Amino acid sequence: MKSRRSPLEPEKTPSKRSYVAPATPNTSETRKKWRNAKKRSYYKKLVYDGGVFEVGDDVYVKRRDDAESDDDDPEAEECRICFEIGSSIMIECDDCLGGFHLRCLKPPLRKVPEGDWICEFCKARKLGKKVKLPRPSDGKKLRRTAREKLLSSDLWAARIESLWKEPDGTYWLKCRWYVIPEETTAGRQPHNLRRELYLTTHLSDIEMESVLRHCYVMNPREFAQANNEGDDVFYCEYEYDVRWHSFKRLAEVADTDNDEEAGNDEDWKYSIDSDCDSEDDSDFDDETVGKFSCHDTPTHELAANSRRGRIFGLHKIGLKKIPEHVRLHKPTDLERAKSMLLLTALPKTLPCRTKEMEEITLFIKGAICEDHCLGRCLYIHGVPGTGKTMTVLTVLKNLRIEVDAGKMRPYCFVEVNGLKLSSPENIYRVIYEALSGHRVGWKKALNILNELFSEGTKIGKEENRPCVLLIDELDLLLTRNQSVLYNIFDWPTKPDSKLIVIGIANTMDLPEKFLPRISSRMGIQRLCFGPYNYQQLQEIIESRLKGIDAFEEQAIEFASRKVAAMSGDARRALEICRRAAEAADYRLKQLAKSSKSTLRQSLPQGKHLVGMNDIEAAVHDVFQAPHIQIMKTSSRWSKIMLAAMVHELYRSGLCEVTFEKLATTIRSLCSSNRELQPGWDDLLKVGCKLGECRIILSEEGAKHRLQRMQLNFPSDDVAFALKDCPEIPWLSKYL
């Protein structure tokens with residue numbers, strides 16, 4: 001198989017060959033160009049070598065000077081059988097993209113058939129037969145089009161970002177490269193179209209001499225309606241990050257089917273011809289074929305790609321036929337209980353938080369008035385697992401129903417999680433992308449958001465609606481000068497901001513740790529979510545298992561009391577019950593396999609219920625995990641370091657701490673409790689031991705005192721492991 005190389009990697013070829021380098025010039029050339037930047041002449045449109053090139057055009061770029069002659073570049077494709085262009089109608093194979101005259105086929109075709117068409121050579125190749133392709137007569141060379149060269153990595157495609165003329169008279173352009181699927185780390189996948197390209201994040205400066213001519217790279221909507229003559233049309237839907245090897249759907253593609261902004265608090269509108277919910281595994285149906293018939297997308301009758309634009313397989317990406325034995329299987333009560341106890345399974349109702357839901361509803365409705373919008377801030381705090389985020393999302397879901405019914409003013413909703421941000425400043429980019437659907441840098445996004453919330457300007461065509469901004473894990477946005485939090489809480493104070501900020505964190509006294517200029521803008525509206533007691537935990541579990549007879553009542557109560565005594569975390573209670581259901585289900589299936597009779601005859605009545613023994617085993621698995629055992633059996637200084645880290649993280653409200661600050665806290669705790677104070681070298685050794693066990697995570701490098709550290713497990717696990725330590729009883733005061 002022919003290997004394909006990316007334009008982002010240097011080629012390993014003999015030194016005889018001469019290359020047109022697509023990469024950015026070397027350092028000396030770059031510095032020279034920067035010195036002469038004022039002497040450059042930039043153009044939006046440029047006539048070069050008989051062609052007109054504009055910023056934003058897609059072009060072919062030479063790969064090598066001594067490759068196949070670039071002058072021999074026929075725009076019309078030859079027939080793969082007679083190797084003539086002629087004036088007859090040609091049809092394109094959807095598999096190999098080869099062009100064939102209708103009269104050259106066996107049997108000949110009178111008209112272009114509807115639907116996908118595959119040539120006889122590809123059909124035979126799929127059946128495993130050896131195929132001998134026709135060869136041109138002696139003395140005639142097979143001429144390849146630029147499209148064939150691009151898909152075989154003999155050419156490159158790029159988008160023009162800027163054009164200019166250097167002081168020495170040479171013309172240059174800055175281009176953004178396209179790559180074919182084979183040139184990515186993922187390679188070509190079954191869902192990739194034959195003409196599909198990826199737009200990369202790699203930019204280069206090249207001379208205009210390397211450009212051949214135009215090509216046309218289109219988004220899905222343009223590609224479906226393409227009627228261009230020739231063979232230079234390609235399909236692009238995703239952007240490929242060459243550094244992180246990740247894919248992102250282009251924002252302008254996602255917004256082509258509607259003019260509404262991506263930040264609207266409305267349901268996604270799917271195309272009516274999308275059959276993703278159908279159960280059959282067919283490639284396409286008659287209705288879809290009718291929508292993309294050749295009458296809807298007229299093309300030139302001599303074009304080799306006359307059937308371009310009908311992308312039947314694109315709407316079926318991700319479909320997989322469910323086996324019959326799986327569809328006909330009726331889940332048992334234990335299997336249903338396992339699925340309902342998953343943390344990802346959202347319940348229909350949220351019990352035990354009625355009072356908090358009413359307060360949040362009144363806050364949002366009071367901020368969003370009919371005649372005007374009052375910018376406000378609300379801070380929600382509580383221990384982990386008390387339903388803070390789920391309560392807010394449930395309230396906003398209920399309010400959206402009122403908006404759809406016309407009982408409430410429409411608004412936009414933006415949700416940001418601090419854990420998903422690589423840096424606190426990226427929150428500006430996330431907010432702007434959610435409101436506009438476009439992706440920019442965080443500095444530019446900050447300037448636009450300042451204008452939006454300060455002056456009331458509009459983003460796109462959308463009317464300036466009130467915006468509800470939900471920030472989860474608010475404590476992770478803390479920086480040294482706290483500029484990010486200042487900007488966010490300063491926006492609602494503007495007269496025309498129409499912004500409501502809801503911040504969620506685990507620390508109760510987080511506002512007191514802000515600078516005075518931030519806490520004054522944040523206001524005094526707070527809402528505390530207390531830990532669940534065992535009655536509430538029992539009600540939460542029973543609400544999820546409503547209509548499912550899989551647990552004994554005493555077993556649910558035992559799990560609820562066990563978790564309520566530790567932390568009151570509802571997630572722990574659900575996890576314990578789910579593990580108990582898994583153990584009971586596994587035991588029953590093993591007994592059913594070993595029994596010769598049916599399950600009901602082999603097992604006594606009532607044995608299918610999850611009992612106390614299953615709950616006790618699940619509690620042991622959760623609270624006696626390997627990392628907890630490591631904490632319990634660690635050295636004296638390791639336990640002190642972990643307790644000091646929990647105390648410092650809770651006191652500062654941050655998720656990480658420097659080694660110097662942690663060492664100061666350890667020495668302070670030891671001095672207060674008449675403990676021998678350790679040296680810096682001893683603490684470094686203890687930190688390395690905990691890092692090797694993956695109990696704590698530390699920053700890479702050799703910063704030593706300034707090295708940042710954080711816990712790899714929840715602080716509740718550390719408190720559970722060290723709370724009743726007989727060797728160091730004073731640790732419980734700081735956990």
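So, how was this worked out
- Residues numbered from 1 in each chain as written.
- Predicted model: local features only at pLDDT ≥ 70, side-chain atom pairs only at ≥ 80, totals over all residues.
- Heavy atoms only, no water.
- Salt bridge = Lys/Arg side-chain N within 4 Å of Asp/Glu carboxyl O.
- Helix = DSSP H or I, 4+ residues; strand = E, 2+ residues; numbered from the N terminus.
- Buried < 20%, exposed > 50% of the residue type's maximum accessible area, 1.4 Å probe, protein only.
- Pairing = 2+ DSSP bridges.
- Contact = heavy atoms within 4.5 Å.
- Axes fitted to C-alpha atoms, helices over the stretch in contact; angles between N-to-C directions.
- Phe/Tyr/Trp six-rings, centres within 6.5 Å; stacked < 30°, edge-to-face > 60°.
- Lys NZ or Arg CZ within 6 Å of the ring centre and 35° of its normal.
- Expected span 1.5 Å × (residues − 1).
- Core = buried A, V, L, I, M, F, W, Y, C linked by side-chain atoms within 4.5 Å.
- Domains from an automatic or database assignment.
- Parallel < 35°, antiparallel > 145°, perpendicular 65-115°, else oblique.
- pLDDT = per-residue confidence, 0-100.
- Left-handed = near helix turned anticlockwise from the far one by under 90°.
- Polar contact = N/O pair within 3.5 Å; in protein donor to acceptor, adjacent residues only side chain to side chain.

### Brief notes about the pattern of salt bridges
- Scanning the model with the defined rule gives 29 salt bridges in all.
- Between E237 and R249 there is a salt bridge, with the nearest N and O atoms lying 2.9 Å from each other. Remark: R249 occurs in strand β12 (residues 246-249) and E237 occurs in strand β11 (residues 233-241); sequence separation between them is 12 residues.
- Residue class for E237 comes out buried when judged on its relative accessible area of 9%.
- The class for R249 is partly exposed, based on a relative accessible area of 36%.
- Linking K639 and E727 is a salt bridge whose minimum nitrogen-to-oxygen distance equals 3.8 Å. Pair noted here: K639 is in helix α21 (residues 636-652) and E727 is in the segment after α24 (715-722), with a separation of 88 residues, a long-range link.
- The exposure class assigned to K639 is buried, which follows from its relative accessible area of 4%.
- By relative accessible area, which is 47% here, E727 ends up partly exposed.
- Each of E335, K338, D585 and K589 takes part in salt bridges that share partners, so that together they form one network.

### A few points about the sheet that holds strand β18 (residues 657-658)
- Spatially, β18-β20-β19 is the arrangement adopted by the three strands of the open sheet, whose pairing is antiparallel. The strands lining the two open edges of the sheet, one partner per strand, are β18 and β19 (696-698).
- The sheet contact formed by β19 and strand β20 (residues 708-711) spans three bridges and is antiparallel. Considered in β20, the bridge of L697 is made with Q710.
- Packing against the sheet, α21 makes contact with β18, β19 and β20, and its axis sits at approximately 95° to β20.

### Here's the deal with the packing of aromatic side chains
- Applying the stated criterion across every chain yields a total of 13 aromatic pairs.
- Centroid distance Y43 to Y171: 6.4 Å. Interplanar angle 45°. Geometry classified as tilted. Of this pair, Y43 sits in strand β1 (residues 41-43) while Y171 sits in strand β8 (residues 171-179), placing them 128 residues apart in sequence.
- The exposure class assigned to Y43 is partly exposed, which follows from its relative accessible area of 29%.
- Judged by relative accessible area, Y171 falls into the partly exposed class, the value being 24%.
- Among the aromatic residues, ring-to-ring pairing joins Y428, W442, F453 and W491 into one connected group.
- One cation-aromatic arrangement involves R561 over Y534; the distance from NZ or CZ to the ring centre is 3.7 Å.

### A few points about helix α10 (residues 388-404)
- Along its 17 residues, α10 runs 25 Å from first to last C-alpha, staying within 8% of the 24 Å computed at 1.5 Å per residue.
- Next to the buried residues of α10 lie α9 (354-367), β13 (376-382), β14 (412-417), β15 (467-472), β16 (499-505) and β17 (526-529).
- With its phi angle positive at about 80°, G406 sits one or two positions after the end of α10.

### Some remarks on the nonpolar core
- Grouped together as the largest cluster of nonpolar side chains are 64 residues, with contacts concentrated most on F551, I576, I615 and L642.
- Top contributing element to this core by residue count: helix α17 (residues 570-594), with nine residues.
- Two domains share this core, each providing at least three of its residues, namely domain 3 (534-623) and domain 4 (627-734).
- Ignoring anything within four residues of it in the chain, the contact list for I576 reads A559, V563, I615, A618, V619, V622 and F623.
- Core analysis: the second largest hydrophobic core is formed by 36 residues, I427, L452, Y486 and V501 among them.

### Points about the sheet that holds β13
- The strand order across the open sheet formed by five strands is β14-β15-β16-β13-β17, and the pairing between neighbours is parallel. Edge positions in the open sheet fall to β14 and β17, since each of these has one partner strand only. Pairwise comparison of adjacent strand axes, ignoring direction, gives a mean angle of 15° for this sheet.
- Relative to β16, β15 runs parallel, the two sharing five bridges.

### Quick look at the packing of α21 against helix α22 (residues 659-672)
- Orientation of α21 relative to α22, taken along the N-to-C sense of each, is 110°, at an axis distance of 9 Å. The orientation of α21 with respect to α22, classified from their angle, is roughly perpendicular. Counting all contacts with α21, which are made through W637, I640, M641, A644, M645, H647, E648 and R651, the residues of α22 involved are K661, L662, T665, I666, L669 and C670.

### Considering the confidence of the model for the protein chain
- Per-residue confidence for the protein chain gives a mean pLDDT of 76; residues scoring 70 or more make up 75%.
- Residue range residues 1-25 is modelled with pLDDT below 50. Its contacts to residues more than four positions away, or to other chains, number 53 contacts.

### Points about the environment of F363
- Tracing the backbone shows F363 in helix α9.
- Separated by 139 residues in sequence, F363 and I502 place their C-alpha atoms 10.0 Å apart.
- Not counting residues within four places of it along the chain, the set of residues in contact with F363 comprises R376, C377, L378, I500, V501, I502 and Q525.

### Some details on the packing of helix α8 (residues 333-340) against α17
- Contact geometry for α8 and α17: axes closest at 9 Å, N-to-C directions at 155°. As the angle between them shows, α8 and α17 are arranged roughly antiparallel. Between α8 and α17 the crossing geometry is left-handed. On the side of α8, the interface is formed by L334, E335 and K338, while α17 contributes R578, A581, E582, A584, D585, L588 and K589.

### Points about the pairing of strand β3 (residues 51-54)
- Residues G51 and F53 line the buried face of β3, whereas the alternating positions V52 and E54 sit on a face that is not buried.
- Bridging between strand β2 (residues 45-48) and β3 involves four bridges; their strand directions are antiparallel. Across the sheet, residue L46 finds its bridge partner in β3, namely F53.
- Hairpin geometry of β2 and β3 is characterised by an intervening segment of two residues between the two adjacent antiparallel strands and by a positive phi of about 55° at D49.

### Remarks on the side chain of D585
- Relative to the assigned elements, D585 resides in helix α17.
- The residues touching D585, leaving out its near neighbours within four places in the chain, are T332, L334, E335 and K338.

### A word on unusual backbone geometry
- Positioned with a positive phi, D49 is a non-glycine residue whose angle comes to about 55°.
- Inspection of the secondary structure puts D49 in the loop between β2 and β3.
- Here D49 falls in the exposed class, since its relative accessible area comes to 76%.
- Despite not being glycine, C352 shows a phi value in the positive range, around 70°.
- When you line up the elements, C352 lands in the loop between α8 and α9.

### Structural notes on the side chain of N219
- Here N219 lies in the loop between β10 (211-218) and α4 (220-224).
- Polar side-chain contacts of N219 include one of 3.2 Å to the backbone nitrogen of R221.
- At 2.9 Å, the side chain of N219 and the backbone nitrogen of E222 are in polar contact.

### Looking at the environment of I695
- Assignment of secondary structure puts I695 in the loop between α23 (680-692) and β19.
- Taking the C-alpha atoms as reference points, I695 and I630, separated by 65 residues in sequence, lie 8.5 Å from one another.
- Ignoring sequence-local partners within four residues, the contact set of I695 consists of H627, I630, M631, L642, L690, L711, N712 and F713.

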